[in-house]
Amino acid sequence: MARPSTYSIVACDLEAGEWGVAVQSKFLAVGAGVPAAEPHVGAVATQALANMGYGPEGLALLREGLSAEEVVAHLTEADEGRADRQLGVVDAQGRAATYTGSSCLEWAGGTTGDGYAAQGNILVSEEAVTALGRTFESSAARPLAERLLDSLEAAQAAGGDRRGQQSAALLVVRKDGGYMGTSDAVVDLRVDDHPAPIEELRRIYAMHDLLFGVTSEEEWLDVDEQLALELRKL
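Residues numbered from 1 in each chain as written. Predicted model: local features only at pLDDT ≥ 70, side-chain atom pairs only at ≥ 80, totals over all residues. Heavy atoms only, no water.

Trainee: Explain the packing of aromatic side chains here, please?
Mentor: The description of an aromatic ring pair uses the distance of the two centres, along with the angle that the planes make with each other. Under the counting rule described, the total for this entry stands at 2 aromatic pairs. Judged by centre distance (5.4 Å) and plane angle (55°), the ring pair of Tyr116 and Phe136 falls under tilted. Separated by 20 residues along the polypeptide, Tyr116 in strand β8 (residues 116-120) and Phe136 in helix α3 (residues 127-137) bring together distant segments of the chain. Since its relative accessible area comes to 2%, Phe136 is described here as buried. Between Tyr179 and Phe212 the ring centres are 6.0 Å apart and the planes differ by 90°, which places this aromatic pair in the edge-to-face class. (Phe/Tyr/Trp six-rings, centres within 6.5 Å; stacked < 30°, edge-to-face > 60°. Helix = DSSP H or I, 4+ residues; strand = E, 2+ residues; numbered from the N terminus. Buried < 20%, exposed > 50% of the residue type's maximum accessible area, 1.4 Å probe, protein only.)

Trainee: Just to check I follow, could you spell out unusual backbone geometry for this structure?
Mentor: A negative phi holds for most residues other than glycine; trans holds for most peptide bonds. Here the bond from Glu106 into Trp107 is cis, since omega is -15°, no more than 30 degrees from zero. Mapped onto the secondary structure, Trp107 falls in the loop between β6 (96-100) and β7 (109-113). At Asp176, a position not held by glycine, the phi torsion is positive, near 60°. Mapping Asp176 onto the fold places it in the loop between β9 (167-174) and β10 (185-191). With relative accessibility at 45%, the residue Asp176 sits in the partly exposed group.

Right, dumping it as structure tokens:
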């Protein structure tokens, strides 16, 4: 059975009311299994010899009010395969926890900070996970989706996955923040099979932001007569 050699970050922006996950792996379609998030509930990443039940079960426990640490403990203690699992959780209050089973392949480990948990396995070195956290911490003024993307890029620059790259994904949720206010998915983008998946994820995120993002008031233009004429022609 293939093991996703993966690094990920789960995080939140409490002021914006957003929770999200970003992940890269030498594994096909990593976005189909690793990330899970719900507004005002939390976010979960499940990886290594992943238990796909950790996502929905973790969110259910968070919904009941358990903390990130309590969710990690509950999920892993009940799982006979926990030695092969890796897990990151951030809860509704921004508390974070990470878990790396004793049988995860080197380098494997994680770190937590204010509003995030970063973890990885089968990495070149610990520096990839350190770069995830350091980059997230240093970009507090930016939108959550961009901070998560920046963190993935930093981890890859620090060595990333020992086996290379294949897929990446970005998930950010906010209550009624999706298309036309009819979903919570602010960003839900996946690159399933690509030689440079993070670069491709950045490219399609830029397209997504152009089409669906919110233009800041500083970039608004007054529509004078000349611009109005141009707009009418367009």
